[in-house]
Amino acid sequence: MKLVSWNVNGLRAVHNKGVFLPLLAEHAPDVLLLQETKALFEQLPGPIQDVEGYQVRIHGARRKGSRGVAIYTREEPDEWFEGLGKKEFDEEGRVLGARFGDVVVISAYFPNSQAEGKRIDYRLRFGATMRRFLGRLAKDGLHVVLTGDFNVSHFPIDLARPKPNEKNPGYLPEEREWMTGFLDSGYVDTWRRANPELAHVYTWWSYRAGARARNVGWRLDYCCVDEELWPRVSDARIYGDVLGSDHCPVGIEVAMPGR
């Protein structure tokens with residue numbers, strides 16, 4: 001199963017730029033997981049509501065035009081998961097999951113802790129709630145692929161300018177500690193596991209000052225799996241040449257025996 005995850009920073013916007021449907025045609029993922037869709041299903045243009053070969057589901061934010069996650073899938077899932085069961089997060093449209101056999105794939109848009117850590121407590125509560133949600137899935141004997149915009153660069157190698165950003169959102173000590181704890185609890189950052197020392201590879205670049213052209217970026221987007229699923233993972237990738245958003249897509253392939 002080929003999985004691709006992308007923070008589109010506005011699904012209608014990337015469609016209007018002529019990027020979205022060509023991405024689907026070129027890379028042909030079995031499951032495409034999106035973040036920051038900024039639209040409800042009924043607000044989508046017809047061509048991306050009804051994409052041949054795919055069905056789409058969106059978990060939108062209560063406030064229109066903000067946040068939101070979506071999944072385009074070729075195969076009907078065995079089960080859908082919408083939200084984390086906590087109003088403070090679910091009303092912002094941050095989590096959507098689909099189960100295929102013993103694997104649950106999740107599109108997650110982690111909160112930005114904002115300037116001066118204004119929303120760090122909310123961000124950490126979200127992380128703790130996510131950990132509990134994943135724990136319940138594990139108790140049910142399910143594997144997890146957690147994809148999306150985690151809004152954190154874990155290590156200095158994961159952003160172009162670590163030192164000047166030590167007090168900035170996305171690289172705060174509390175956020176990085178959460179990521180360490182999450183991985184230590186039995187999960188794998190698939191791209192970093194496959195590329196332990198590869199530097200200067202990012203998934204987000206500011207629109208300001210030509211940051212993308214100069215590759216002054218951050219690795220904020222991840223495909224994480226539980227350790228037991230890791231042997232079934234191949235081709236962990238970052239699609240740095242895909243334009244249309246301030247983020248680029250990331251992806252993996254997961255062996256799905258019997259499907």
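In this numbering scheme, every chain counts its residues from 1 along its sequence in written order. Local features in this predicted model are restricted to residues of pLDDT 70 or higher, and side-chain atom pairs are both shown and tallied only at a pLDDT of 80 or more, whereas totals for entire chains, interfaces and linings draw on every residue. Only hydrogens and water are set aside when side-chain values are computed; all heavy atoms of the structure are taken into account.

A. Layout of the packing of aromatic side chains. Any pair of Phe, Tyr and Trp rings, taking the six-membered ring for Trp, is counted once the centres come within 6.5 Å. Such a pair is stacked with planes under 30 degrees apart, edge-to-face with planes over 60 apart, and tilted for the rest. In this structure the tally under the stated criterion is 12 aromatic pairs. Ring plane angle 55 degrees and centroid distance 6.4 Å describe the contact between Phe-150 and Phe-182, whose orientation is recorded as tilted. Taken together, the positions of Phe-150 in the loop between β8 (143-149) and α6 (173-184) and Phe-182 in helix α6 put the pair 32 residues apart, joining distant regions of the chain. When the centroid spacing of 4.6 Å and the interplanar angle of 15 degrees are considered together, the rings of Phe-182 and Tyr-187 count as stacked. Each residue is assigned to one of three classes by its accessible area relative to the maximum for its type, calculated with a 1.4 Å probe on protein chains only: buried under 20%, partly exposed between the two thresholds, exposed over 50%. Exposure remark for Tyr-187: the relative accessible area of 11% places this residue in the buried category. Grouped by ring-pair contacts, the aromatic residues Phe-89, Phe-110, Tyr-122, Phe-126, Phe-150, Trp-178, Phe-182, Tyr-187 and Tyr-222 constitute a single cluster. Over a ring means this: the NZ of a Lys or the CZ of an Arg is within 6 Å of the ring centre and within 35 degrees of the ring normal. Lying over the aromatic face of Tyr-109, Arg-94 brings its terminal NZ or CZ to 5.0 Å of the ring centre. For Arg-119, the ring lying beneath its charged end belongs to Tyr-122, and the centroid distance is 3.9 Å. Every helix listed is a DSSP run of H or I at least four residues long, and every strand listed is a run of E at least two residues long, numbered separately from the N terminus.

B. Unusual backbone geometry, seen in detail. Despite not being glycine, Asn-9 has its phi angle at roughly 50 degrees, a positive value. Considering the arrangement of structural elements, one finds Asn-9 in the loop between β1 (2-7) and α1 (11-16). For Arg-67, which is not a glycine, the phi torsion comes out positive at approximately 50 degrees. The topology assignment puts Arg-67 in the loop between β3 (55-59) and β4 (69-73).

C. Local environment of empty space enclosed by the protein. Two kinds of site are reported from a 1 Å grid over the protein atoms alone, namely cavities, where a 1.4 Å probe fits but cannot get out, and pockets, open sets with protein on both sides within 12 Å along at least five of seven lines, and residues are called lining when an atom falls within 4 Å of a point. Grid points are joined across faces, edges and corners, and a volume is the space filled by probe spheres set on the points. Under the definition given, this model contains one cavity of 30 Å³ or more. Within this model, the largest cavity holds a volume of roughly 60 Å³. Mapped onto the lining of the largest cavity, the elements with two or more residues apiece are α7 (190-194), β12 (221-226), β13 (233-238) and β14 (250-254). Under this grouping Gly is polar, as are all residues other than the nonpolar Ala, Val, Leu, Ile, Met, Phe, Trp, Tyr, Cys and Pro and the charged Asp, Glu, Lys and Arg. Partitioning the lining of the largest cavity into residue classes produces seven nonpolar, two polar and four charged.

D. The arrangement of the layout of surface pockets in detail. Each pocket or cavity is described by its volume, and for the largest pocket that value is around 560 Å³. In this structure, the largest pocket is lined by 24 residues; those nearest its centre are Pro-169, Trp-204, Ser-206, Arg-208 and Trp-218. Here the lining of the largest pocket is composed, by residue class, of 10 nonpolar, nine polar and five charged. Looking at the second largest pocket, its volume works out to about 160 Å³. If you go around the second largest pocket, you meet 13 residues; those closest to its centre are Ala-138, Leu-142, His-143, Asp-226 and Glu-228. Where the lining of the second largest pocket is concerned, the elements lending two or more residues are α5 (120-139) and β8. With three residues, the top contributor of residues to the lining of the second largest pocket is α5.

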